[in-house]
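# Descriptive structure summary
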Amino acid sequence: MPVFAFYFYKKSTIALLASAILILALGQFTNLDLNIADYYFNTATQQFPWKDTWFANNFMHEHVKYVIKHIGRLLLAIVLIDLIYPLKMLGQGLRIRLRFIVVAFVIISSAVGLFKHYSVLHCPWDIARYGGYAPFIRLLDIVPSGIKAGQCFPAGHATVGLWLAALCVFWLPHKPSKAFVVFVLGLSVGFTLGWVQQMRGAHFLFHTLWSTWIAAFVIVAMLSFTKSLNKPLANL
């Protein structure tokens, strides 16, 4: 039986289904998105004050994104080199886990990017309520004719950190509790990056929550069908 199927499969499936229903309900039937955006929007200046601050724009949106994304690209380069010229310093257990992480890194960003490409939903700063041009549309709403696609859903910036949840494989199968903690911490990094984007008016909470859900689904699905993680890594 695949390692994740043994430890998490049933509970994770229930958790994913329940969280999907909850996120959909929050986004469709509450004003939580608008309430949070209203909080960060200055009606007097008709701007999101955090939009161009050093912390939100330069540090979180640029520098932190640069560091995490390049860590992912470095791991991708190592895995590609190892595929062509096997690196002796990588044992089989480490090799499998690095490949798992890299595949998660690619799939999560690609999946969210694909959804964004076909999405009609807009960013807060493009909504008429916040000085933009577009109406506020929820996921299940009928889109008015003639409305330009917003391509702002789900949150792309959050994926910069969400793939870090895949690092949980270093603690599987021997320490599932620690693996779960790492999984949650990884998702939290991505969620935090997404929250800062909400402060800037770049996304709604609903956008970030769905990106987080997609990342969790990808990693859980990969773990559920991975049969080569049965041998634990030493000293972890």
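Residues numbered from 1 in each chain as written. Predicted model: local features only at pLDDT ≥ 70, side-chain atom pairs only at ≥ 80, totals over all residues. Heavy atoms only, no water.

## Observations concerning the nonpolar core
Definition in use: In this description, a nonpolar core means a group of buried Ala, Val, Leu, Ile, Met, Phe, Trp, Tyr and Cys residues linked to one another through side-chain atoms lying within 4.5 Å. The rule is simple: take the accessible area with a 1.4 Å probe, protein chains only, and divide by the maximum for that residue type; under 20% is buried, over 50% is exposed, in between is partly exposed. Helix numbering and strand numbering both begin at the N terminus, where a helix is a DSSP run of H or I of at least 4 residues and a strand a DSSP run of E of at least 2. A contact between two residues is defined here by any heavy atoms of the two lying within 4.5 Å.
By size, the foremost hydrophobic cluster in this structure holds 62 residues, and its most contacted members are Tyr130, Trp163, Phe183 and Ile219. Looking at this core, the elements that each hand over two or more residues are helix H2 (9–29), helix H3 (32–40), helix H4 (54–84), helix H5 (92–117), helix H6 (159–162), helix H7 (176–200) and helix H8 (205–224). For this core, the element with the highest residue contribution is H8, accounting for 12 residues. For Trp163, the contacting residues outside a window of four places in its chain are Ile68, Ile71, Gly72, Leu75, Ile101, Phe105 and Ile108.

## Considering the pattern of salt bridges
As a reminder, the rule being used: Put simply, a salt bridge is a Lys or Arg side-chain nitrogen that is within 4 Å of an Asp or Glu carboxyl oxygen.
By the definition in use, this model includes three salt bridges. A salt bridge links Arg95 to Asp82; the shortest N-O distance between them is 2.6 Å. Within this pair, whereas Arg95 is found in helix H5, its partner Asp82 is found in helix H4, the two being separated by 13 residues in sequence. Per residue, the accessibility class of Arg95 equals that of Asp82, and both read buried. Across the pair Asp82 and Arg99 runs a salt bridge whose closest N-O atoms are separated by 3.5 Å. Of the two residues, Asp82 is situated in helix H4 and Arg99 in helix H5; the sequence distance between them amounts to 17 residues.

## What about the packing of aromatic side chains?
Spelled out, the test is: Pairing of aromatic side chains here covers Phe, Tyr and the six-membered ring of Trp, requires ring centres within 6.5 Å, and sorts the geometry by plane angle: under 30 degrees stacked, over 60 edge-to-face, intermediate tilted.
All chains considered together, the criterion is met by 15 aromatic pairs. Following the ring pairs from residue to residue traces out a cluster consisting of Phe153, Phe206, Trp210, Trp213 and Phe217.

## Focus: the environment of Val79
Structurally, Val79 can be placed in helix H4. A C-alpha to C-alpha distance of 33 Å links Val79 and Leu17, two positions 62 residues apart in sequence. Among residues more than four places away in sequence, those in contact with Val79 are Leu98, Arg99 and Val102.

## Some details on H4
So the rule is basically this: One less than the residue count of a helix, multiplied by 1.5 Å, gives the span that helix is expected to have. Fitting axes to the seven residues ending at a residue and to the seven starting there, one defines the bend at that residue as the angle between these axes.
Along its 31 residues, H4 runs 42 Å from first to last C-alpha, staying within 8% of the 45 Å computed at 1.5 Å per residue. The largest bend along H4 measures about 30° and falls at Lys65. For H4, the set of buried residues is Ala56, Asn57, Met60, His61, Val64, Ile68, Gly72, Leu75, Val79 and Asp82. As for H4, its buried residues are in contact with H5, H6 and H7.

## Observations concerning the confidence of the model for the protein chain
Selection rule: By definition, pLDDT measures how confident the predictor is in each residue, and it falls between 0 and 100.
Confidence in the prediction of the protein chain, expressed as mean pLDDT, is 91, and 92% of residues score 70 or more. Here helix H1 (residues 3–7) stands out as the least confident element of the protein chain, with mean pLDDT 49; H3 is the most confident, with 97.

## Notes on the state of the cysteines
Where we set the bar: Defined by distance alone, a disulfide is two cysteine sulfur atoms within 2.5 Å.
For the coordinates displayed, the defined rule picks out one disulfide. For Cys123, the disulfide goes to Cys152, at an S-S distance of 1.9 Å. One disulfide, between Cys123 and Cys152, carries an S-S torsion of 105° and so falls in the right-handed class. Of the two residues, Cys123 is situated in the loop between H5 and H6 and Cys152 in the loop between H5 and H6; the sequence distance between them amounts to 29 residues. By relative accessible area, Cys123 is classed as buried at 11%.

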